Amino acid sequence: MTVADAELLVEMTGPVATVVIRNPARRNAMTTAMWRRLPELLDGLEADPAVRALVLTGAGDTFCAGADLGDLDELLDAGDASIAVAAEERLAAFAKPTVAAVRGACVGGGCQLAVACDLRIAAADARFGVPPARLGLVYPAPTTRRLARLVGPAAAKHLLFTAELVDAERALRVGLVDEVLPGDGLAARVDELTAAVVARSQLSVAAAKEIVDGRADDDRIAWWHGQVRASGEAREGVAAFHERRPARFGWTPPARH
């Protein structure tokens, strides 16, 4: 395998885009080029009105074994300004719903990316780890805070202090993942989940994501309520409920919103 085999692939299934992390020589570890590529790729998918949800996964039976340590010097020199943190922040800010579909190892930079997604669905063989203490590194502050918000301070400290790998069931108990499925059921559940998300009002989904993530101030929330009044989404949703039919939601985000 060569560096040319390390890449991010995009697959489209209807309105769902799947980004596949592929680096078979290094268990899908993220290279410098892949960290740099991810924000640009996300920019394009976010701007595409045909895309309503994004799935992040790894090729084969591994999600992502971390950052390629061959690029260590560049990551060390940058600290919290590293390209890995920039990619994580761009993924976290992606305006549409994101789901990490995790098989096998989800470690270091892989766990960083999974935590930056809105939802994490894991196969029973998934393993999660945060290894900086084993390597003598300081985990980036934005990454550390995001992990602590997700799982709570005690579980975050356990992961950070010990660098232990935890299995999917423990990850579920501490809130690191949302669901655990048998390996052969992961793809079907991710398809089912994303199908439900893209069938809902995208106005409701986009507003909820901004508010939950703390990115909507009072003016922005008022803007969202104005969109509800102007769009007719609520009227359609209520009419569909009373008529016992699927709602036909039509809202799409303005070019600048």
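Below: a short report on this structure.

What counts and what doesn't
Residues numbered from 1 in each chain as written. Predicted model: local features only at pLDDT ≥ 70, side-chain atom pairs only at ≥ 80, totals over all residues. Heavy atoms only, no water. Pairing = 2+ DSSP bridges. Helix = DSSP H or I, 4+ residues; strand = E, 2+ residues; numbered from the N terminus. Buried < 20%, exposed > 50% of the residue type's maximum accessible area, 1.4 Å probe, protein only. Axes fitted to C-alpha atoms, helices over the stretch in contact; angles between N-to-C directions. Contact = heavy atoms within 4.5 Å. Patch = residues over 30% accessible without salt bridge, like charges linked within 9 Å, V, L, I, M, F, W, Y side chains within 5 Å. Areas by Shrake-Rupley, 256 points an atom, 1.4 Å probe, with all protein chains shown as cover. Salt bridge = Lys/Arg side-chain N within 4 Å of Asp/Glu carboxyl O. 1 Å grid on protein atoms, 1.4 Å probe; cavity = no way out; pocket = protein on both sides within 12 Å on 5 of 7 lines; lining within 4 Å. Points joined across faces, edges and corners; volume = space filled by probe spheres on them.

Each strand in a sheet pairs with its neighbour through backbone hydrogen bonds, running either in the same direction (parallel) or in the opposite one (antiparallel). A sheet is described by the order of its strands in space; here 3 strands give the open sequence S5-S7-S8, paired in mixed fashion. In this open sheet, the two strands that pair with only one neighbour each are strand S5 (105-107) and strand S8 (166-167). Note: strand S7 (residues 127-129) against S8, 2 bridges, orientation antiparallel. In the sheet register, Phe128 faces S8, and the bridge partner there is Val166.

Attention now goes to the pairing of strand S6 (residues 119-123). Buried residues dominate S6, accounting for 4 of its 5 residues. Both S6 and strand S9 (residues 179-181) contribute to a ladder of 3 bridges, which runs parallel. Looking at S9, one finds that Ile121 is bridged to Glu179.

Another point: the sheet that holds S6. Read across the open sheet, the 6 strands follow the order S1-S2-S3-S4-S6-S9; overall the sheet is mixed. Each edge of the open sheet is held by one strand with a lone partner, namely strand S1 (7-13) and S9. In this sheet, adjacent strand axes meet at a mean angle of 20° when their direction is disregarded. Contacts from helix H1 (residues 32-47) reach S1, strand S2 (16-22) and strand S3 (53-58), with the element oriented near 25° to S1.

Further remarks concern a nonpolar patch on the surface. Residues Leu69, Leu135 and Leu137 make up a contiguous nonpolar surface patch of about 250 Å² in total accessible area. For Leu135, the location among the structural elements is in helix H5 (residues 132-135).

Over the atoms, a rolled probe matching the size of one water molecule traces out where space is still vacant. Size it by volume and the largest pocket reaches roughly 620 Å³. Lining the largest pocket are 24 residues; nearest its centre among them are Cys117, Asp118, Lys209, Val212 and Asp213. For the lining of the largest pocket, the secondary structure elements donating two or more residues are helix H3 (83-92), strand S4 (98-102), helix H4 (109-116), S6, helix H6 (141-151), helix H9 (186-199) and helix H10 (202-212). By residue number, the principal contributor to the lining of the largest pocket is H10, which donates 4 residues.

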